[in-house]
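A closer look at the structure
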Amino acid sequence: MAVNLQAGAASIDWTPSHSFHLAGYPHVERFSTGVNDPLLASALCIAQGTSTIALVSVDILFVTHAMARRIRSRLDTALGLPADHVLLAATHTHSGPMVTEHFPTPGKPTLPPSEPAIIQQCEDAVVRAVCDAHAAMVDAEAACVIADATGVGTNRRDPAGPHNPEAPLLVLRRADDQQPLAALTVCSMHPTVLHEDSTLISGDFPAFARQYLQKHGLGEQTPVLYFTGAAGNQSPRHVTQANTFDEARRLGEMLGQRLVQAMDNLTWQAQLPLTCQSTEITLPARSLPTPDEAAQRLTAAAAHLDELRRKRAPRAQVRTAEVDWFGAERTQAMVNAAAAGLLEAAIAERTPTEIQLITLGSWTFVAWPGEVFVEFALAVKAQHPEVHVITYANGENKGYMVTREAAEEGGYEASSALFANPDSGEMLVRATLEQLQSVEVGKGER
């Protein structure tokens, strides 16, 4: 007799109660002055037969390798969950606290150190959410559907460039009364409607998408796990009129409406084959320019930005030039860090890179750390359409994984990278495809 699926979910508000440095925009002194919407740690536990997994979405800029190790170790002790059965990802909000050190710019006046107490509060909330979700597991049914996220943003360097409009939605309900239990979605878009002039704590547009889905599709107390897909070069920059909460709400509710509409096509299943596995790869370090070359690039980036500002160029164009200047500054800081002997430790802290696969029925979620250009996820999807990539997961790679074209262009993303490009993204794709192939072979053997 087939064993029914079981699932449980929980969401914890872990918003710090005191003012703290808001992460994401390192060129201004930016401390929180209040709360627009709470920071959440949301967990979903799913069991089929003897296999149990935990998926966690937390409103934070990054989850570090060290945080992932500590949280997974605590969950193994508390619940017996193996490390590769726990997927832990940041939503990448830029209106929450910093939980990493500020490499390669430690000591910068606008970047105060991260607060250990906040990191502990975040980790405690994640562990509590998973334990609560695990304790709440009941017989459940699941359904998967794809929503269309077109309009939430575009490719940030070229609005007509590559993008992934698919927003997968996994919904679970109780088997006994068919009441919603939880939902999980992935959107490949940077949550950066809010900029450095915003000082309220927020999950940005994903928070509004969650709220809309709860209010109009699930029930306001139903946990919603929001994950950011491959969005290294995806941004709302070209679709927003201003960097305001009104715009964050507009885009979030647009996505929420699409998710609710997609729920009309749910087909429920009481059994959902479940597998988990992970592998690790070692990414090559980036080759840095000479100090003179780095200084020249920074001067050129600043001059280009000044020229666009003088000409009153379009807002999105100015912003692209501004972040390119940020990237040139980051490259110079990395050159200085290398000269001071700090680069090796930063690389070691972020090594190895984990690739995690969680298969639920016909769907597979692939978890990658770091900020990954959408082209790499699309390369996997071209061979495996049922695969959905989640990024900012199980670690932080300090910088972007960019395409060869972007690496040669040398803009913000390539200039911010710690690891080699395009090698890193290409290695990620190859290793993922190999892992997916091994899963397919295993299915065939069974």
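Below or above, wherever it landed, is the structure these notes cover. All of these numbers come straight from a predicted model, not from anything done at the bench. (Residues numbered from 1 in each chain as written. Predicted model: local features only at pLDDT ≥ 70, side-chain atom pairs only at ≥ 80, totals over all residues. Heavy atoms only, no water.)

A few points about the environment of proline 180
Here is the rule we go by: Helix and strand definitions here come from DSSP, where helices need a minimum of 4 consecutive H or I residues and strands a minimum of 2 consecutive E residues; each element is numbered from the N-terminal end. Buried, partly exposed and exposed residues are distinguished by accessible area as a fraction of the type maximum, computed with a 1.4 Å probe on protein chains only: under 20%, between the cut-offs, and over 50%, respectively. Residues count as neighbours in contact if any of their non-hydrogen atoms are within 4.5 Å of one another.
For proline 180, the position within the fold is in strand S9 (residues 180–187). Under the relative-accessibility criterion, proline 180 is labelled partly exposed at 29%. In sequence terms proline 180 and proline 223 are 43 residues apart; their C-alpha atoms lie 9.3 Å from each other. Setting aside residues no more than four positions away along its own chain, proline 180 makes contact with Leu172, Arg173, Leu218 and Thr222.

A word on the sheet that holds strand S13 (residues 274–281)
What counts, and what does not: Only strands joined by at least two bridges in the DSSP assignment are considered to pair. Angles run from 0 to 180 degrees between N-to-C directions of axes, and those axes are lines fitted to C-alpha atoms, restricted for helices to the stretch in contact.
As summarised here, the arrangement of the four strands in space is S13-S14-S15-S17, forming an open sheet in which the pairing is mixed. A single partner strand is all that each edge strand has here, and the edge strands are S13 and strand S17 (387–390). On average, adjacent strands in this sheet sit at an angle of 20 degrees to one another, irrespective of strand direction. In the sheet, strand S14 (residues 353–360) pairs with strand S15 (residues 363–367) via five bridges, with the strands oriented antiparallel. What sits directly across from threonine 359, in S15, is threonine 364.

Things to note about empty space enclosed by the protein
Cut-off, in case you're wondering: Both cavities and pockets are sets of points on a 1 Å grid over the protein atoms alone; in a cavity a 1.4 Å probe fits but cannot get out, in a pocket the set is open with protein on both sides within 12 Å along at least five of seven lines, and lining residues sit with an atom within 4 Å of a point. Grid points are joined across faces, edges and corners, and a volume is the space filled by probe spheres set on the points. Throughout, the ten residues Ala, Val, Leu, Ile, Met, Phe, Trp, Tyr, Cys and Pro are labelled nonpolar, Asp, Glu, Lys and Arg are labelled charged, and all others, Gly among them, are labelled polar.
Applying the stated rule across the entire model yields five cavities of 30 Å³ or more. Estimated volume of the largest cavity: approximately 630 Å³. Gly24, Pro26, His94, Arg330 and Tyr412 are, among the 40 residues lining the largest cavity, the residues nearest its centre. When residues in the lining of the largest cavity are grouped by element, the largest group, six residues, is from helix H6 (residues 315–339). For the lining of the largest cavity, the class distribution of residues is 15 nonpolar, 15 polar and 10 charged.

Some details on the pairing of S9
The element S9 is largely enclosed, with a buried count of seven among its eight residues. The hairpin turn running from strand S8 (residues 166–174) into S9, its antiparallel successor, is five residues long, and glutamine 178 in that turn takes a positive phi close to 60 degrees. The sheet contact formed by S9 and strand S11 (residues 224–228) spans five bridges and is parallel. What sits directly across from valine 186, in S11, is phenylalanine 227.

What to know about the pairing of strand S5 (residues 86–90)
Basically, it comes down to this: For a crossover, the right-handed case is the one in which the path from the first strand over the helix to the second runs clockwise, viewed with the strands pointing away from the viewer.
Counting buried positions along S5 gives five out of five residues, so the element sits mostly inside the fold. Two elements, strand S4 (residues 51–58) and S5, share five bridges in a ladder whose sense is parallel. Its bridge partner lying in S5, leucine 55 is registered against leucine 87. Chirality of the crossover, the property in question, places the unit of S4, helix H1 (residues 65–79) and S5 among those that are right-handed.

Treat this as a map of the structure, not an account of what it does.
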